[in-house]
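Architecture and fold: a report
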Amino acid sequence: MYSNVVVPRHWTRLSCLCRSLTSLEGQKVPQTAKSSDGISPPPRIRRGPTDILQALAATVGTDPTAAHYKYHDDPYLIPLSNFRKRAYALSAEAGRKAAAWIRDEHADLFTTREWDPPNKAKTPYFNADPHIKAFEPKPIYNDESKVTEADLQYAIKNALIEDSTKVFQLLGGVEGVNDELKLQFLQLLCFYNEKEPDSMEWLEERWFAANTRDRQATTWRVGGLAEKIFQSLEPKTSEAYCAIIQGMAKYYQAERAHMLASEAIEKGLQLSTSVYNSLLACVGFLREGTQMRIEALKSTLAQMNEQGISPNSETLSACLKSISAWGGGKALQQVALQVVAEFRKLGIEPGLAAYYYLLCVFCKERGPRYDLLSTMINDLEKKQSLVATEPADTNFFITAMGVCSDHLQNMDLAERLHNLLMKDDNYKLVGDAYKESIFYRHYVTVTCRLAPFEKTVEILDTLIPNVYVPEPSVMEEIIKTLEVGGAGDRLAQAWSQLVVFGHARRARLVERLLDAMCNTYQGQDEEIKAKMRSAATDILNFGIMSEEQEETKELRTPGQKLSASALCNIVDMCSDAKDKADPGWQTVNAALQKLGREEAAGVPAKPQVLADVAQKAVAIGQPAIAAAAVTYLAECGFEEAMSASVQVLSTMLNRPESEVEALLGQQHSSLTGALHPSAMAIAEAYSIAKTGAPVQRESSSSSSDSDSESSDDE
Amino acid sequence: MSLFIRNYKPNSLATVYNVKIWRLHSTAAESTQKKDENEEEFRVLDILKKKDRIQRKVTRRADIQPDRSDRMAPDQNWGNVWPGPKTFHPSSVPLPLRQGYVPKGQAPPGKKANAELMKVPNFLHLTPPVIKSQCEAIKQYCTEWPNLLNSQEAIEKHYPVEIITSDYCHASPSIRNPLARIVTLRVKLSTLKLDKHARDKFIRLVGDRYDSSTDLVTITADRCPARIQNTDYVNYLLTACFHEAWNVEEWEKDKTEDDMEYYDWNNNASKKSLVNWHLQKKGESKTLTDDEYKSFDVSEIQHADGYKNAVSDWMNSGESEETVKKYAEAVRKLFGLPEKKVV
């Protein structure tokens, strides 16, 4: 039951040193970290309860081969696609939530002793020691609950909106609660707009939550509980005004917020800096037109000055937030720079949020380039540590990386930015799962486009798939890079990555991959060529398998089919086999059948490939494949069909081409008995290509593919 | 009921109701019939449940990645891969481990699906470089070692009292362990600087807590619920014993030779005989009191010290070849006899 850690003698000597009994008491603590007399221990270095743990944790770096530690370290349980990452993490959290539910609903189970007779537990008992508040069962309030003001205080302190509303009603609403509590409750309601916030306890839910875009729309509850409480407060203190104005401004009830602000000023009440910050953030809702808005902003700042309220760094970011929301243009950019300069004079440096808004104002997709980012990164690199002060702080890194990738197209800056994010504890500024994936999307894109090939490969290896799973568009970018770099083995690997990441059914991506593989195929080592061939075979088999699955399961949205060009690429790669028994020929055969049954979209872009394959096939002794290829060419009406059929037939019959042409010019029926079925099929194809129609439909059936094993016996 | 149905004519009002009744009736009849059939059938006791055991097709997932140990760089930092204690997992350890008992001549099973490797505690998280880096990390909280305490002797001299406690670490809602309250105090008796009487009394007071072979006094306390109380208590016990040892009570004077814990030559008949012999040899014949015998200074007798030591030694440490030989030598010297010749 207990893991017995007996402290060895040596250590007890060190830790439990007591001088002889007489000198133990009244011993003076020396003031230096060094022993004063060379015998007594120096004074201990003060440390927090978790300092040692943090120091030890700092020695552990990241392991690129491992998944995030919230997942099980097991190949079967490491998620490799975005869907799985989300599902696994949320499932684990669902288990925790279920446990918390049991704890809250059946709180009595945890406060009784097993050996107490039922219903006779005398004292409340907690088996936990020390007693941790966060792990206690949460109280549940309903209409029958007997509540006191202490309950309301508890609910307000723990930001439980629904519970506190319930308790507030049970206490008799506006009349039943004293003013101080009412003010606290009002502040809580205004902060959250009467909506239960996402609990801090459920980290994964917050991480994967989709509320990434805060809409700039009026969501303030008009005539809600907050307003009622505000009405009931008499006299209305400045705290009450501050709370309701900030609430309204935060949820974009701009006009009423400004009205209440001027009302408070008329009454001679003191407003706080944060009230003005929130008013500045929604000042654009009052006016139309850029010029008017700028004036309104300036007048609010002037009013702030009149009131004798000093601005802080949040004032700066609030101003810039307003400016960035009004669109772009020279005028706004000028104003933004003026504001920043003005605040610099006051000794207020822009923070992460302010930088984010500045990037929004200046770095538009279609516009002149502004290299604000390098100075920002210079500034941030100098800072000791980055501390998040506003929600918008988490937007900085993704926006900055987006600017690196789209606006500036600067690999150097992107790398510096990434290093900055990885420094110390800065990774918490990445925001949530959505922002993280956008950040890496930009990073990988800019790397693929601009970095040298070795560097790109290195970065891809560390990021994919444990940190980031590329989206289809990024995957395409990666494939393009690998193609340019001529990395055949990596392209072959890319296919298995596509399967694992769940992109294998995206026909466009697979076609792109096949194209890339085909282009880089020549000039690779034999070993890599074999790998690429097997990858191509795998692609074909996967397509066939998923089609079968679709048929059996009757999926509503059938997957796209591979195009004829893609199949041609497969054929091209797989036909590079010297041996007749090579499994590649089976793949070629399967692909040609697929083409022949017209299961592929479009026609091949490079018909010459098929003609070459037919030539190769017949040379190696696979006449059926050659026949299938030539027949397909003829049926599609390619010009290459004629010459190909003549060439193939001449190889097959071992005669010069002119003779073969003469032979083909003969009566068709005379050939029927004399020729091998495959040769016959080619003759068929020739006539189709020549005349546009088969000579004898019924005889063409003899060129069935089942005799692909039959050898050329002429 | 059937009569009713036969006579039933479509009636707009009662249709639904009637249909319902009819259905109820029919199902009831069916179910009873079924029951009869079941009862007739002789049921076989199927102990092994052979019928239920169906070969289930095991579907293997296709998108399993290869072991991550295959992808690990040879120059990676192992501390990042295995930062804390955990059960062995084959896919993350790039070592060709084998473990398990097999008949002679066979290789032990490999690391995959090997319960033997999972059972034993591993120290993969405490490799020498990791220990080194962790020590570096917590050095900032360490103070300098007092420079005069540079040897074990110095430590024992300046910190003679040793307090031994144990800390326990376990997974449970409570972090308390009742065994952690036990406190043991150890001190070398020689460091207490007692005189003969006080030392004797101290040893009698502490009883079997004193180990004469190591000269250590060990006091253990577990009677109080908290460690600090027990620490106070052992300190109190040591202090109390120490001061009590110095007290000399009135009744201690009644100590007779029978109460002596050791043989004191001065108090015993051997000295009396020696003094008598000495006096006779000098030709003085006078009777001495007991106290005079005790305080008689034997140093005036030649070789008396050696004799005294030999006798005390014999009596205190028991008869042995060594002590007897020593005694013989002392007696020869005392009487002026020649040395025993070694043949």
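Computed from a predicted structure; not experimentally measured.

Attention now moves to the overall build of chain A. The number of helices and strands found in chain A is 34 helices and 1 strand. Residues classed as buried in chain A amount to 45% of the 714 residues present. Here the analysis covers contacts within chain A between residues at least 6 apart in sequence; of these, 69% occur between residues at least 24 apart.

Another aspect to go through is the overall build of chain B. Helices and strands together make up the secondary structure of chain B, namely 12 helices and 5 strands. Burial analysis of chain B (343 residues in total) assigns 28% to the buried set. Expressed as a percentage of contacts within chain B between residues at least 6 apart in sequence, the contacts between residues at least 24 apart total 51%. Accessible surface computed for chain B: about 25,500 Å², of which carbon and sulfur atoms make up 55%.

This part is about the side chain of Asn268(B). All names here are of chain B. Here asparagine 268 lies in the loop between helix H8 (227-246) and helix H9 (269-282). What makes asparagine 268 buried here is its relative accessible area of 18%. A distance of 2.7 Å separates a polar side-chain atom of asparagine 268 from the backbone oxygen of aspartate 264. Here asparagine 268 is in contact with Glu257 and Tyr263, once residues within four sequence places are set aside.

Further remarks concern helix H14 (residues 290-307) of chain A. Note on helix geometry: an α-helix contains 3.6 residues per turn, so any two residues three or four positions apart are oriented the same way. Residue and element names in this part refer to chain A. Under the 1.5 Å per step criterion, the end-to-end length of H14 is 26 Å for 18 residues, consistent within 8% with the ideal 26 Å. Within H14 the residues assigned to the buried category are Arg293, Ile294, Ala296, Leu297, Thr300 and Met304. Looking down the long axis of H14, one finds its buried residues gathered within 160° of arc, a one-sided arrangement. In H14, the exposed positions that point more than 90 degrees away from the buried face belong to Asn305 and Glu306. Elements that come into contact with the buried residues of H14 comprise helix H13 (273-281), helix H15 (313-325) and helix H16 (330-345).

Residue and element names in this part refer to chain A. Of all hydrophobic cores here, the largest spans 192 residues; its most connected members are Leu186, Ile245, Ile323, Leu373 and Phe396. By residue number, the principal contributor to this core is helix H17 (residues 352-362), which donates 10 residues. The contacts of leucine 186, once residues within four sequence positions are left out, are Ala226, Ile229, Phe230, Leu233, Ala240, Ala243 and Ile244.

This next bit is on the domain arrangement of chain B. Split by domain assignment, chain B resolves into domain 1 (79-139), domain 2 (152-251) and domain 3 (264-335). Centre-to-centre, using C-alpha coordinates, domain 1 of chain B lies 72 Å away from domain 3 of chain B.

Turning our attention to the pairing of strand S5 (residues 216-221) of chain B. Residues and elements named next belong to chain B. Of the two faces of S5, only one is covered, namely that formed by Val217, Ile219 and Ala221; the face formed by Leu216, Thr218 and Thr220 stays uncovered. In terms of strand pairing, strand S4 (residues 210-211) meets S5 through 2 bridges, oriented antiparallel. Looking across to S5, one finds that aspartate 211 is bridged to leucine 216.

With that settled, consider the state of the cysteines. Here a disulfide denotes one covalent bond, and it connects the sulfur atoms of two cysteines. Following the criterion strictly, the structure yields 0 disulfides over all chains and no others. With no disulfide of its own, Cys574(A) has Cys518(A) as its nearest cysteine by sulfur position, at a separation of 9.7 Å. As a non-bridged cysteine, Cys135(B) has Cys142(B) as the owner of its nearest cysteine sulfur, 8.4 Å distant. A relative accessible area of 42% means that Cys135(B) is categorised as partly exposed.

Residues and elements named next belong to chain A. The contact between helix H10 (residues 225-232) and helix H11 (residues 238-250) brings their axes to 11 Å, and the two run at 155°. In this view, H10 runs roughly antiparallel relative to H11, as classed from their interaxial angle. Crossing of H10 over H11 shows left-handed handedness. Residue-level inspection shows Ala226, Glu227 and Phe230 of H10 in contact with H11, the latter providing Ala240, Tyr241, Ile244 and Met248. Residues that form the contact of H10 with H11 fall into these classes: 6 nonpolar, no polar and 1 charged.

Taken residue by residue, the interface counts 58 residues in chain B and 55 residues in chain A. Roughly 4,900 Å² of surface becomes buried between chain B and chain A when both sides are summed, with 57% attributable to carbon and sulfur atoms. When the buried area of chain B at its contact with chain A is split by residue, Gln65(B), Tyr141(B) and Tyr159(B) rank highest and sum to 15% of it. For the pair chain B and chain A, the interface holds 4 salt bridges. The closest approach of N and O atoms between Lys86(B) and Asp73(A), which form a salt bridge, is 3.1 Å. Taken together, chain B and chain A are joined by 13 residue pairs in polar contact (both at pLDDT 80 or more). Counting residues per element, the ones that place at least two in the side of chain B that touches chain A are helix H3 (78-81), helix H5 (128-138), helix H6 (152-158), strand S1 (162-164), strand S2 (167-169) and H8 of chain B. When grouped by side-chain class, the residues that make up the side of chain B that touches chain A number 24 nonpolar, 21 polar and 13 charged.

Moving on, we get to unusual backbone geometry. Residue and element names in this part refer to chain A. The omega angle of the peptide bond from glutamate 234 to proline 235 is 0°, so this bond is cis rather than trans. Secondary-structure assignment places proline 235 in the loop between H10 and H11. The step from isoleucine 464 to proline 465 runs through a cis peptide bond, and the omega angle for that step is 0°. Within the secondary structure, proline 465 is located in the loop between helix H22 (453-463) and helix H23 (472-485). In this model, glutamate 194 sits at a positive phi of 60°, which is unusual for a non-glycine residue. Following the sequence through the fold, glutamate 194 ends up in the loop between helix H8 (179-192) and helix H9 (203-208). Here glutamate 194 falls in the buried class, since its relative accessible area comes to 15%.

Residues and elements named next belong to chain B. Taken in spatial order, the 4 strands of this open sheet run S1-S3-S5-S4, and their pairing is antiparallel. Each end of this open sheet is capped by a strand with a single partner; those strands are S1 and S4. Docked against the sheet, H8 engages S1, strand S3 (183-188) and S5, running at close to 30° with respect to S3.

All names here are of chain B. Together, Glu321, Glu322, Glu329 and Glu339 line one region of the surface with negative charge. By the element assignment, glutamate 329 lies in helix H12 (residues 321-335). On the basis of relative accessibility, which here comes to 42%, the residue glutamate 329 falls in the partly exposed class.

A few words on the confidence of the model for chain A. Residue and element names in this part refer to chain A. Confidence along chain A averages 81 in pLDDT terms, with 87% of residues attaining 70 or more. By mean pLDDT, helix H2 (residues 21-24) is the weakest element of chain A at 35, and helix H3 (residues 51-57) is the strongest at 93. The low-confidence segment residues 1-31 (pLDDT under 50) makes 52 contacts with residues lying over four places distant or belonging to another chain. Across residues 695-714, where pLDDT falls below 50, the model places 32 contacts with residues more than four positions away in sequence or in other chains.

Glancing now at the pattern of salt bridges. Tallied over the entire structure, the rule returns 35 salt bridges over all chains. Ionic pairing is found between Glu349(A) and Arg344(A), a salt bridge with its closest N-O pair at 3.1 Å. Assessed through its relative accessible area of 42%, Arg344(A) is described here as partly exposed. Of the charged contacts in the structure, one is a salt bridge between Glu162(B) and Arg186(B), with a shortest N-O distance of 3.2 Å. One end of the pair, Glu162(B), is in strand S1; the other, Arg186(B), is in strand S3, and 24 residues separate them in sequence.

Our focus in this paragraph is the packing of H13(A) against H14(A). All names here are of chain A. Contact geometry of H13 with H14 gives a least axis separation of 10 Å together with a crossing angle of 170°. Here H13 is positioned roughly antiparallel relative to H14, judged by the angle of their axes. Of the residues in H14, those touching H13 at Thr273, Tyr276 and Leu280 are Leu297, Thr300, Leu301, Gln303, Met304 and Gln307. Along the lines of polarity and charge, the residues of the contact of H13 with H14 split into 5 nonpolar, 4 polar and no charged.

Another aspect to go through is the UniProt feature "domain: Small ribosomal subunit protein mS35 mitochondrial conserved" (unreviewed entry) in chain B. As recorded in UniProt, the feature "domain: Small ribosomal subunit protein mS35 mitochondrial conserved" (unreviewed entry) lies at residues 176-248 of chain B. The span residues 176-248 of chain B shows a helical share of 42% and a strand share of 19%, and its end C-alpha atoms are spaced 45 Å apart.

The rules behind the values
- Sequence positions are assigned chain by chain, starting from 1 and proceeding in written order.
- Chain A is the first chain written and ligand 1 is the first ligand written, with later ones labelled in order.
- pLDDT decides what is reported in this predicted model: residues at 70 or higher carry local features, side-chain atom pairs at 80 or more are listed and counted, and totals for whole chains, interfaces and linings draw on all residues regardless.
- Note that the side-chain values use all heavy atoms of the structure and ignore hydrogens as well as water.
- Put simply, DSSP marks the helices as runs of H or I at least four residues long and the strands as runs of E at least two long, and each gets a number from the N terminus on.
- Between buried and exposed lies partly exposed: a residue is buried under 20% and exposed over 50% of the maximum accessible area for its type, with that area taken using a 1.4 Å probe on protein chains only.
- For this analysis, residues touch if any pair of their heavy atoms sits within 4.5 Å.
- For the accessible areas, the method is Shrake-Rupley and the probe is 1.4 Å, while residue cover comes only from the protein chains on display.
- Within 3.5 Å is the distance limit for a polar contact, defined as a pair of N or O atoms, with the added protein rule that one can donate a hydrogen and the other accept it, and that residues adjacent in sequence qualify only through two side-chain atoms.
- The span one expects for a helix is its residue count, reduced by one, times 1.5 Å.
- The directions from the helix axis to the C-beta atoms are what the arc is built from.
- Among buried residues, those of type Ala, Val, Leu, Ile, Met, Phe, Trp, Tyr and Cys that are joined through side-chain atoms within 4.5 Å constitute a nonpolar core.
- Just so you know, the domain bounds were taken from an automatic or database domain assignment.
- Pairing between strands is defined by DSSP: at least two bridges between them are needed.
- Any two cysteine sulfur atoms lying within 2.5 Å of each other are counted as a disulfide.
- Interaxial angles span 0 to 180 degrees and are taken between N-to-C directions of axes, which are lines fitted to C-alpha atoms, for helices over the stretch in contact.
- By the definition adopted for this analysis, an angle is roughly parallel if under 35 degrees, roughly antiparallel if over 145, roughly perpendicular if from 65 to 115, and oblique otherwise.
- Take the far helix as the reference: if the near one is turned anticlockwise from it by less than a right angle, the crossing is left-handed, and if turned clockwise, right-handed.
- Throughout this entry, Asp, Glu, Lys and Arg are counted as charged residues, while Ala, Val, Leu, Ile, Met, Phe, Trp, Tyr, Cys and Pro are counted as nonpolar. The remaining residues, Gly among them, count as polar.
- Summed over both partners, the accessible area lost on bringing two parts together, with a 1.4 Å probe, is the buried area.
- We define a salt bridge as a contact between a side-chain nitrogen of Lys or Arg and a carboxyl oxygen of Asp or Glu at a distance within 4 Å.
- Within the patch definition used here, like charges are joined within 9 Å and nonpolar side chains (Val, Leu, Ile, Met, Phe, Trp, Tyr) within 5 Å, considering only residues with over 30% relative accessible area and no salt bridge.
- Counting rule applied: Lys, Arg positive; Asp, Glu negative; His and chain ends not counted.
- Lysine's charge is taken at NZ, arginine's at CZ, aspartate's at CG and glutamate's at CD.
- Confidence scores per residue from the predictor, reported as pLDDT, run from 0 to 100.
- UniProt positions are given in the numbering used here, feature names are shortened, and annotations may be inferred rather than shown by experiment.

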